Each structure stands twice: as structure tokens, then as C-alpha cells.
Amino acid sequence: MSRRSAALEFRQTEDNDLADWMRALKTGFLRSPVVTEEQLAARRAATPGSRTSGAYDAGRCVGTFRSFPQEVTAVGGAAVPADAITNVSVLPTHRRRGVLSRLMSDDLAAAKERGDVLATLIAAEYRIYGRYGFGPATTMTEWAVDVARSGLDSRAPVPDPRDGGRIDLVDGAEIRKIGPALHARLRPAQPGAVSRDESWWEVNTGVLRPYGDEWSEPFYAVYRSADDEVEGAVSYRADDRWSDAKQPLNTASVNWLLSVTPAAERALWHYLCSVDWITRVKSGWRSPDDLLPLLLPDPRAARITTQADWLWIRILDVVRALEARTYDTAGALVLEVADAAGLTGGRYLLDAGPDGASCTPTDRGADLTLDVAELASLWLGDESAARLARLGRVREERTGAARKADALLRSSARPWCPDLF
């Protein structure tokens with residue numbers, strides 16, 4: 001470590017540091033570094049219970065880091081306590097001085113001490129976080145639907161009157177009332193989903209604007225069943241584009257769409273494709289096995305425009321992580337887990353089945369050797385141990401162990417995290 005980097009101060013950010021911390025954050029994310037009193041107030045209100053820290057050089061903030069309490073849905077529906085990491089930045093004048101490494105190691109150690117099972121983040125850059133034990137655990141896909149090619153009848157009512165449901169247009173205040181309960185119904189059924197606090201709904205309905213961005217009120221549509229039960233909701237915006245021949249070329253861009261029944265999902269997508277003047281629908285961040293394409297008479301009308309890693313996980317407690325999830329088949333597996341940070345490495349015997357699982361330290365010979373980052377990628381059931389073995393990122397100590405791991409760990413439905421944090 002250089003003498004200059006050794007002089008850096010790493011500490012929790014106090015309230016009187018917040019403006020300087022926000023300037024550093026906005027600079028790191030290439031936003032205007034101006035911080036207003038309104039933005040400060042919104043930041044304080046939007047981040048309750050968060051842990052904000054920074055690196056300081058001669059009293060000036062040069063690196064930012066924030067974490068907050070979160071729950072992640074494991075395979076089977078259990079809510080697992082996690083340390084959610086966000087707002088990570090380092091000023092361009094202080095890169096490659098170990099700033100992020102120090103902020104990360106301090107936060108992960110504190111999370112381990114608190115008893116968090118996982119740490120999570122959404123990675124802006126792929127190559128940064130593997131060295132801290134994080135592995136990509138979910139994928140997101142975005143589709144663009146060519147409405148004219150979808151095969152939907154523009155004259156048909158939405159939703160299909162046979163299901164007895166209806167779609168209502170509502171405002172942000174109504175979404176803040178009904179959204180949390182709808183999300184609470186979705187979470188146990190969706191591995192990879194994360195918790196949302198009250199401030200999430202306030203930020204995403206424009207009540208709070210911690211980044212100072214201009215707020216453009218979206219449209220909100222809610223699907224209610226024949227029993228008047230809220231089963232789905234969508235937030236979307238539309239642009240205003242017309243051709244030289246005075247033909248509409250407008251796009252509806254989905255901010256988020258939640259549904260707890262196939263009927264609600266079908267109705268909301270069909271509704272979006274039925275809005276007059278809308279010729280294209282952008283789906284927003286969806287699961288890679290989302291129903292959307294197959295809800296259209298012609299699935300080819302939905303074209304993938306983005307597909308990438310999304311939620312990254314860092315396991316802090318191997319035993320609790322593996323015991324928290326469920327397993328469709330029975331089996332036993334000995335895992336040699338390497339963890340350079342020393343937080344949860346070791347050799348573990350996983351004995352699992354439909355009736356539950358136990359994970360205990362063991363002296364038995366390993367079946368698989370892997371880094372904690374690879375175990376994180378396997379934990380939600382989306383990645384294949386056999387695939388990682390072909391890449392040289394998992395080592396079989398017993399022939400066939402990777403296929404055995406896949407039979408035990410993989411899940412039938414792909415995990416999905418609907419959120420950016």
C-alpha cells in the first residue's frame with residue numbers, strides 16, 4: 001500500500017458528511033455533481049436503516065458504499081437475511097488504491113458478525129465482484145414486442161371477459177396502498193426475489209427522488225379478478241413518436257410488472273399491446289423463462305433486446321444457506337468450498353431431500369471443489385455444476401459428482417430478481 005493510500009480514512013458517513021458523500025457518488029456514476037437540499041432530504045428519507053460508509057482523503061469523500069437489510073427468497077420460498085450492497089463508487093482520482101477492497105471487506109465482516117446469510121448486489125461491471133466471493137445467481141431478459149406482428153386482435157376486449165377480471169387505471173397513491181401486499185404474495189413463489197420496504201414504493205411512485213432526477217408520472221394499471229382480488233399491476237411510460245406519414249410509432253416501456261396468477265399476467269401484457277397508438281412494448285427486466293413470448297399468438301413478435309447477469313450473491317454462511325432452500329430429489333454431496341476472505345470456507349456434507357436438508361462440516365473426502373463464488377451461482381438453482389466443471393471453475397473429485405450436484409441443486413423454475421437496488 002502506498003503512503004498516500006495509507007492516509008485514507010475509512011469510516012461510517014455522518015449526516016454532516018452526506019452532501020460530500022453524494023457528490024462523490026454522483027461523480028462516480030457520471031451524474032451532475034450538484035447536490036441540492038431537496039436531494040439531501042430525499043436521500044435521508046429513502047434510505048432508512050441503511051449503512052452508509054466512505055473513504056476520505058484529507059476530509060474529502062473519494063469512495064462511497066452503502067448497504068441495507070434485505071431478504072432474498074431461496075428455492076422453496078424461505079426468506080433468507082441478506083446484506084444488500086449498493087451505491088459503490090470510487091472517484092477517478094483514487095482508482096486502484098484498494099478503496100473498494102477495504103470498504104467491501106469491512107462491510108462483509110460486519111454482515112457476517114450480524115448473522116446475515118448472504119450479501120447481494122447488482123453489478124454495474126462484470127469483472128469487479130468475483131474477487132470478493134460474489135457470483136452471478138440470476139439472469140434478466142428484456143423483450144421488445146412488435147404489436148402489429150403479435151397476432152392479437154386489436155378489437156378484442158382486455159382482459160378476456162371469460163375470466164371475469166378487469167383492469168383499472170390507478171394513481172401512485174393507490175399503488176402505494178395495494179403494491180406491498182401484492183409483492184408480499186409474489187415473493188415466496190419467486191426464488192431470487194428480494195424484499196421491498198416502504199421507501200421503495202415512495203421512490204418508485206415519485207414521492208421521494210433521492211437522485212434529484214426529473215419525475216415523469218407513469219401510467220399504472222391493476223388487474224383485479226372476478227372476486228375483486230388484486231392479482232397484478234404494472235407501471236409503464238409511453239413516448240410520443242409519429243412517422244412522416246402521420247402514423248403512430250409509440251413505445252410503451254414497462255418500469256415493473258408484478259403478477260401472482262397466469263390470468264393477471266396474460267391480461268396485463270395483452271392490455272399493454274392493446275393501447276391505441278402503441279406499436280411496440282418494451283418489457284423491462286424479466287425472468288429469462290418469462291411467460292411473455294408464449295402469451296402472444298405469435299411469440300416471434302417478442303424479440304430479446306437485452307440478456308445479462310443480474311442479482312449477484314455472496315454466501316456468508318454455507319450451512320445456513322444450503323439448509324434454507326428445498327431440494328426436489330434426495331442425495332448427499334461433500335463440497336470443498338474455498339473462501340479467500342475466510343468468512344465461510346471449509347468442507348461440508350450436504351444431505352438433502354424433499355423433507356429437508358442438513359449441512360455440516362465433515363472430514364469425508366470431497367465430491368466437488370469450488371470457490372464460494374461458484375457456490376453462490378449454484379445456490380438459486382439456475383447455474384449448472386457440470387457446465388462450471390467444463391469451464392474449469394468447479395473440480396470433480398469423484399467422477400460424475402457435477403451431474404449429481406445438478407440433480408440435487410437445480411430448480412425447475414428459473415430464479416428472477418425483479419429489482420434494481
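For the structure itself, look to the data block above.
Residues numbered from 1 in each chain as written. Predicted model: local features only at pLDDT ≥ 70, side-chain atom pairs only at ≥ 80, totals over all residues. Heavy atoms only, no water.

Visitor: I'd like a rundown of the overall build of the protein chain, residues and numbers included.
Guide: Counting secondary structure elements, the protein chain contains eleven helices and 19 strands. Against the 2.2 N^0.38 benchmark of 22 Å for 421 residues, the protein chain shows a C-alpha radius of gyration of 23 Å, consistent with a compact globule. Dimensions of the protein chain, computed from the C-alpha atoms along their principal axes, are close to 65 × 55 × 40 Å. Split by element, the accessible area of the protein chain, about 19,900 Å² in all, is 49% carbon and sulfur. One finds the centroid of the 53 positive side-chain charges in the protein chain at a distance of 5 Å from the centroid of its 59 negative side-chain charges. (Helix = DSSP H or I, 4+ residues; strand = E, 2+ residues; numbered from the N terminus. Rg over C-alpha atoms; globule rule 2.2 N^0.38 Å. Areas by Shrake-Rupley, 256 points an atom, 1.4 Å probe, with all protein chains shown as cover. Lys, Arg positive; Asp, Glu negative; His and termini not counted. Charge placed at Lys NZ, Arg CZ, Asp CG, Glu CD.)

Visitor: Let's hear about the sheet that holds strand β11 (residues 250-259): which residues, and what values?
Guide: Spatially, seven strands are ordered β8-β9-β10-β11-β12-β7-β13 in an open sheet, and the strand pairing comes out mixed. Lying at the two open borders of the sheet, with one neighbouring strand each, are β8 (166-170) and β13 (302-309). Pairs of neighbouring strands in the sheet enclose a mean axial angle of 25°, with direction left out of account. Taken together, the five bridges between β8 and strand β9 (residues 219-224) define a ladder with antiparallel strand orientation. Within β9, the position partnered with Asp168 by the bridge is Val222. The sheet strands contacting helix α5 (residues 172-186) are β8, β9, β10 (230-238) and β11, and the helix crosses β10 at an angle near 125°. (Pairing = 2+ DSSP bridges. Axes fitted to C-alpha atoms, helices over the stretch in contact; angles between N-to-C directions. Contact = heavy atoms within 4.5 Å.)

Visitor: Go over the sheet that holds strand β18 (residues 368-371), please, and point to the residues and values.
Guide: Spatially, the five strands line up as an open sheet ordered β17-β16-β15-β18-β19, and their pairing is mixed. Strands with a single pairing partner mark the edges of an open sheet, and in this sheet they are β17 (356-361) and β19 (394-396). The mean angle between the axes of side-by-side strands here comes to 25°, regardless of whether they run parallel or antiparallel. By the bridge criterion, three bridges tie β18 to β19 in an arrangement that is antiparallel.

Visitor: Let's hear about empty space enclosed by the protein: which residues, and what values?
Guide: Under the definition given, this model contains one cavity of 30 Å³ or more. Roughly 70 Å³ of internal volume is contained in the largest cavity. As for the largest cavity, its lining consists of Arg196, Val254, Asn255, Trp256, Leu257, Leu258, Ser283, Gly284, Trp285, Arg286, Trp416 and Pro418. Residues of the lining of the largest cavity, tallied by class, amount to seven nonpolar, three polar and two charged. (1 Å grid on protein atoms, 1.4 Å probe; cavity = no way out; pocket = protein on both sides within 12 Å on 5 of 7 lines; lining within 4 Å. Points joined across faces, edges and corners; volume = space filled by probe spheres on them. Nonpolar A, V, L, I, M, F, W, Y, C, P; charged D, E, K, R; others polar.)

Visitor: Provide a residue-level description of the packing of aromatic side chains, including the pertinent values.
Guide: Enumeration according to the criterion identifies eleven aromatic pairs in this entry. Joined through ring pairs, the aromatic side chains of Tyr129, Tyr132 and Phe134 make up one cluster. Of note, Arg196 hangs over the ring of Trp201, and the distance from its end group to the ring centre comes to 5.3 Å. The ring of Tyr327 carries Arg325 above its face, with NZ or CZ at 4.5 Å from the centroid. (Phe/Tyr/Trp six-rings, centres within 6.5 Å; stacked < 30°, edge-to-face > 60°. Lys NZ or Arg CZ within 6 Å of the ring centre and 35° of its normal.)

Visitor: Can you break down helix α11 (residues 401-409) residue by residue, with the values?
Guide: Buried within α11 we find Ala401, Ala402, Ala405, Asp406, Leu408 and Leu409. Projected onto a plane normal to the axis of α11, the buried residues spread over an arc of 165° and lie on a single side. Against β15 (331-338), β16 (346-353), β18, α9 (372-379), α10 (385-390) and β19 lie the buried residues of α11. (Buried < 20%, exposed > 50% of the residue type's maximum accessible area, 1.4 Å probe, protein only. Arc of directions from axis to C-beta.)

Visitor: Can you explain the pattern of salt bridges? Please cite residues and give values.
Guide: According to the stated counting rule, one finds 26 salt bridges in the structure shown. Salt-bridge contacts for Arg51 lead to Asp83; the nearest nitrogen and oxygen are separated by 2.8 Å. With Arg51 in strand β2 (residues 51-57) and Asp83 in strand β4 (residues 79-90), this pair connects stretches of sequence that are 32 residues apart. Asp83 shares its class with Arg51; the two are buried. Note that Asp168 is salt-bridged to Arg224, the shortest N-O span being 2.7 Å. With Asp168 in strand β8 and Arg224 in strand β9, this pair connects stretches of sequence that are 56 residues apart. (Salt bridge = Lys/Arg side-chain N within 4 Å of Asp/Glu carboxyl O.)

Visitor: Quick rundown of α9? Include the residues and the values.
Guide: Along an α-helix, residues three or four positions apart point the same way, because every turn accommodates 3.6 residues. By the criterion of burial, α9 is predominantly enclosed, with eight of the eight residues buried. Residues Val372, Ala373, Glu374, Leu375, Ala376, Ser377, Leu378 and Trp379 constitute the buried set of α9. Capping the start of α9, Asp371 holds a side-chain oxygen 2.9 Å from the backbone nitrogen of Ala373, two or three residues further along. Of the residues one or two after α9, Gly381 is the one with positive phi, at around 85°. (Polar contact = N/O pair within 3.5 Å; in protein donor to acceptor, adjacent residues only side chain to side chain.)

Visitor: Describe in detail the side chain of Gln190, supporting the description with residues and values.
Guide: Tracing the backbone through its elements, the reader meets Gln190 in the loop between α5 and α6 (198-203). Excluding residues that lie within four positions of it along the chain, Gln190 makes contacts with Thr73, Arg414, Pro415 and Trp416.

Visitor: I'd like to hear about the environment of Ala144, residue by residue, with values.
Guide: Secondary-structure assignment places Ala144 in strand β7 (residues 139-146). C-alpha separation for the pair Ala144 and Leu169, spaced 25 residues apart in sequence, amounts to 23 Å. Among residues more than four places away in sequence, those in contact with Ala144 are Arg280, Val281, Ala301, Ala302, Arg303 and Thr305.

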